[in-house]
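Report on the structure
Each chain, letter by letter, is given below.
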Amino acid sequence: MHRVAVILLYDRQQKVLLQHRTDDAPFFPGYWAFFGGGCEEHESPIATVIRETEEELCYRLTAPRFVLEQPFSVQGLQCRLYLFMEHYRGDKNALQLCEGQNWGWFGPGETEDLLMAEHDRRALQAARELIAQEQLDYDH
Ligand SMILES: Nc1nc2c([nH]c(=O)n2[C@H]2C[C@H](O)[C@@H](COP(=O)(O)OP(=O)(O)OP(=O)(O)O)O2)c(=O)[nH]1
């Protein structure tokens, strides 16, 4: 089973950071997705997501939280997605796009028209609900 661990950074306005995959990516070229990547053979998903975030955004995660895991398949390959999220409180200009053709911060309702895999869209929706709930708890 191929395991993939990904991170969703979000800010105080509930904007989330997504990656626009390159047009020559072997899987999901040109799709919008999470930053992250495949787990090495003996690597835990949390270790993967920390490593991949450093590689792809030059950022060391401080408090990633597990959101969900879900199966998906791509080109007949059975895979498992592990999604983590972290509230990013730092300077956005300190992040660097080291992989992917583009990136963006998207508020609620701003991702509907993006080209995304259905399983990623579902995972994003689940994370958004947690982020919104957290904001409500914070405000009250
Ligand atoms: N990075 C990433 N990959 C995803 C997401 N959703 C999803 O199904 N995948 C799939 C695409 C690939 O089949 C697999 C791994 O993605 P990848 O190409 O980014 O990662 P990789 O391990 O090959 O290499 P890399 O990021 O270190 O270059 O996971 C997602 O949101 N982000």
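The model shown is predicted, which means the values in this text are computed figures rather than measured ones. (Residues numbered from 1 in each chain as written. Predicted model: local features only at pLDDT ≥ 70, side-chain atom pairs only at ≥ 80, totals over all residues. Heavy atoms only, no water.)

1. A word on the UniProt feature "domain: Nudix hydrolase" (unreviewed entry) in the chain
Here is the rule: UniProt positions are given in the numbering used here, feature names are shortened, and annotations may be inferred rather than shown by experiment. For the purposes of this entry, the term helix denotes a DSSP run of H or I that reaches at least four residues, the term strand denotes a run of E that reaches at least two, and both are numbered from the N terminus.
Here, UniProt's "domain: Nudix hydrolase" (unreviewed entry) annotation points to residues 1–129. Taken end to end, residues 1–129 is 19% helix and 36% strand, and its two terminal C-alpha atoms sit 28 Å from one another.

2. Things to note about the site of the ligand
Quick note on the threshold: Whether a residue is near a molecule or strand depends on its heavy atoms: it is near if one of them lies within 4 Å of it. Polar contact is defined as a pair of N or O atoms within 3.5 Å, subject to the rule that within protein one atom must be able to donate a hydrogen and the other to accept it, and that residues adjacent in sequence are counted only when both atoms are side-chain atoms. Note on areas: Shrake-Rupley with a 1.4 Å probe; residue coverage comes only from the protein chains shown. Each residue is assigned to one class: nonpolar for Ala, Val, Leu, Ile, Met, Phe, Trp, Tyr, Cys and Pro, charged for Asp, Glu, Lys and Arg, and polar for all the others, Gly among them.
Lining the immediate surroundings of the ligand are 17 residues, of which Phe-34, Gly-38, Glu-56, His-119 and Asp-120 lie closest. In this structure, Gly-38 approaches the ligand through a main-chain N or O atom, which is 2.7 Å from an oxygen atom. A distance of 2.7 Å separates an oxygen atom of the ligand from a polar atom in the side chain of His-119. In the complex, the protein chains occlude 81% of the 600 Å² of accessible area that the ligand would expose alone. Broken down by secondary-structure element, the contributors of at least two residues to the shell around the ligand are β1 (2–10), β4 (35–38), α1 (45–57), β5 (65–74) and α2 (118–139). Counting residues per element, the shell around the ligand draws most heavily on β4, which supplies three residues. Looking at side-chain class alone, the shell around the ligand contains eight nonpolar, four polar and five charged residues.

3. Section: the pairing of strand β2 (residues 16–20)
We apply this condition: For every residue, the accessible area (1.4 Å probe, protein chains only) is compared with the maximum for its type, and the residue is labelled buried under 20%, exposed over 50%, or partly exposed between those bounds. Two strands qualify as a pair provided DSSP detects at least 2 bridges between them.
The buried fraction of β2 amounts to five of the five residues, a majority that puts the element mostly inside the structure. Burial of β2 is two-sided: the residues Val-16, Leu-18 and His-20 facing one way and the residues Leu-17 and Gln-19 facing the other way are all buried. In this sheet, strand β7 (residues 102–106) lies alongside β2 in antiparallel orientation, the contact comprising five bridges. Following the sheet pairing, Gln-19 is matched in β7 by Trp-103. Examined bridge by bridge, β2 and strand β3 (residues 32–33) share two bridges and lie antiparallel to one another.

4. Quick word on the nonpolar core
Operational definition: Remark: nonpolar core denotes a set of buried residues (Ala, Val, Leu, Ile, Met, Phe, Trp, Tyr, Cys) joined through side-chain atoms within 4.5 Å. Throughout, a residue-residue contact means that at least one pair of heavy atoms, one from each residue, lies within 4.5 Å.
One finds Leu-8, Val-16, Leu-18, Phe-34, Leu-83 and Leu-124 to be the most contacted residues of the largest nonpolar core, which totals 23 residues. Those elements giving two or more residues to this core turn out to be β1, β2, β5, β6 (77–87) and α2. For Leu-83, the contacting residues outside a window of four places in its chain are Val-6, Ile-7, Leu-8, Phe-34, Arg-65, Phe-66, Val-67, Leu-68, Ala-123 and Ala-127. Ala-5, Ile-7, Phe-35 and Leu-57 belong to the second largest nonpolar core, which has 15 residues in total.

5. Section: the side chain of Thr-111
Locating Thr-111 in the fold gives a position in the loop between β7 and α2. Contacts of Thr-111, omitting those with residues within four sequence positions, involve Leu-18, Phe-106, Arg-121, Leu-124 and Arg-128.

6. Side note on α2
Selection rule: One less than the residue count of a helix, multiplied by 1.5 Å, gives the span that helix is expected to have.
Here α2 spans 32 Å end to end across 22 residues, near enough to the 32 Å set by a 1.5 Å rise per residue. For α2, the set of buried residues is His-119, Asp-120, Ala-123, Leu-124, Ala-127, Arg-128, Ile-131 and Gln-135. Contacts made by the buried residues of α2 are with β1, β2, β3, β5, β6 and β7.

7. Description of the environment of Thr-22
The residue Thr-22 is located in the loop between β2 and β3 in this model. In the structure, Thr-22 is positioned 70 residues away from Lys-92 in sequence and 22 Å away in space, judged by C-alpha atoms. Not counting residues within four places of it along the chain, the set of residues in contact with Thr-22 comprises Pro-29, Gly-30, Gly-100 and Gln-101.

8. What to know about the pairing of β6
Among the 11 residues in β6, eight count as buried, and that is most of the element. Sheet topology places β1 next to β6; nine bridges connect them, and they run parallel. Each bridged residue has a counterpart across the sheet, and for Arg-3 the counterpart in β6 is Arg-80. Of the pairings in the sheet, the one linking β5 to β6 comprises nine bridges and is antiparallel in character. Pairing of Val-74 across the sheet is with Leu-77, part of β6. Two successive antiparallel strands, β5 and β6, enclose a turn made up of two residues, where Gln-75 displays a positive phi of approximately 45 degrees.

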